[in-house]
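Okay, here's what each chain looks like letter by letter:
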Amino acid sequence: MKQLTDRDIRTAFVNCTKGEAKRMHVPRDLEDRPWDDLDFLGWRDPQAPDRAYLVAELDDRLVGVQLRTSSAGSWQTRRSMCSVCVTTHTGGVSLMVAPKAGKAGQQGNSTGIYLCSDLACSLYVRGLKDAGVGSRLHESLTLEEKVRRTLDNLAAFVATVTA
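Residues numbered from 1 in each chain as written. Predicted model: local features only at pLDDT ≥ 70, side-chain atom pairs only at ≥ 80, totals over all residues. Heavy atoms only, no water.

Colleague: Hey, could you go over the overall build of the chain for me, with residue numbers and the actual values?
Modeller: Within the chain one finds five helices and seven strands. Going from the N terminus to the C terminus, the chain shows its helices and strands as α-α-β-β-β-β-β-β-α-β-α-α. For the chain, the C-alpha radius of gyration of 15 Å lies close to 15 Å, the compact-globule estimate for 163 residues. In terms of overall dimensions, the chain has a C-alpha envelope of 45 × 35 × 30 Å along the principal axes. Here the chain, with 163 residues, has 43% of them falling under the buried criterion. (Helix = DSSP H or I, 4+ residues; strand = E, 2+ residues; numbered from the N terminus. Rg over C-alpha atoms; globule rule 2.2 N^0.38 Å. Buried < 20%, exposed > 50% of the residue type's maximum accessible area, 1.4 Å probe, protein only.)

Colleague: I'd like a description of the pattern of salt bridges, backed by residues and values.
Modeller: Opposite charge on two side chains permits them to pair, given that their charged atoms come into close proximity. Counted by the stated rule, this structure contains eight salt bridges. Across the salt bridge formed by Arg51 and Asp45, the nearest N and O atoms sit 3.9 Å from each other. The closest approach of N and O atoms between Asp152 and Arg148, which form a salt bridge, is 3.1 Å. Here Arg148 and Asp152 lie together in helix 5 (residues 143–162), a separation of four residues that amounts to about one turn. Classification of Arg148 by relative accessible area gives partly exposed; the value is 47%. (Salt bridge = Lys/Arg side-chain N within 4 Å of Asp/Glu carboxyl O.)

Colleague: Give a detailed account of the nonpolar core, specifying residues and quantitative values.
Modeller: With 43 residues, the main nonpolar core has Ile9, Val65, Leu67 and Leu115 as its most contacted residues. Counting only elements with at least two residues in this core, the list comes to strand 1 (40–45), strand 2 (48–58), strand 3 (61–69), strand 6 (93–99), strand 7 (110–116), helix 4 (121–125) and helix 5. Residues in contact with Leu67, not counting those within four places in the same chain, are Asp50, Arg51, Ala52, Leu54, Met96, Val97, Ala98, Leu115 and Phe157. (Core = buried A, V, L, I, M, F, W, Y, C linked by side-chain atoms within 4.5 Å. Contact = heavy atoms within 4.5 Å.)

Colleague: Lay out unusual backbone geometry with the relevant residues and their values.
Modeller: Backbone geometry places Asp59, a non-glycine residue, at a positive phi of 50°. Note that Asp59 resides in the loop between strand 2 and strand 3. Backbone geometry at Leu119 places phi at a positive 55°, although glycine is not the residue there. In this structure, Leu119 sits in the loop between strand 7 and helix 4. Owing to a relative accessible area of 4%, Leu119 belongs among the buried residues under this scheme.

Colleague: Lay out the side chain of Thr150 with the relevant residues and their values.
Modeller: With respect to the helices and strands, Thr150 occurs in helix 5. The exposure class of Thr150 is buried, given its relative accessible area of 1%.

Colleague: So what's going on with the sheet that holds strand 3? Which residues, and what values?
Modeller: Taking strand neighbours across the sheet as the criterion, the five strands line up as 1-2-3-6-7 in an open arrangement whose pairing is antiparallel. The open sheet is flanked by strand 1 and strand 7, the only strands paired with a single partner. Each neighbouring strand pair of the sheet contributes to a mean axis angle of 30°, computed without reference to strand direction. Pairing analysis gives seven bridges linking strand 6 to strand 7, with the strands arranged antiparallel. What sits directly across from Ala98, in strand 7, is Thr111. (Pairing = 2+ DSSP bridges. Axes fitted to C-alpha atoms, helices over the stretch in contact; angles between N-to-C directions.)

Here's what the structure looks like:
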């Protein structure tokens, strides 16, 4: 992924108002992110732990999605699998819900997906971050095929947000 600026990020969001995008807390360490190893930029809001954001380059355009997650519950101690990168975690996967874009979102419609709670899917796929024993299933796919699957899964989710 190419390195993004604060402005790139704020203008990419499809499911929030311009005011919400202006007020969101964008990571301050953008220069230090491992951009060459990222398929998308994802972060949790340090001021509001129930908020998360992701920005991806899909079909040659930047798309940002605002997400909400519930607070930690007893169900999070079970082993779960991320729907995007297919990494399993014990307590490290959260149901994240995105308001739909446009009129559907204004009417309160939303869609959800199970994602790595820290939004570090790209690093798990590449083996640069470890989710623990048994977190990555043995597969015969190449790294490029795993990255493609991750991007396809993410694109499918974003398509439901923007539909």
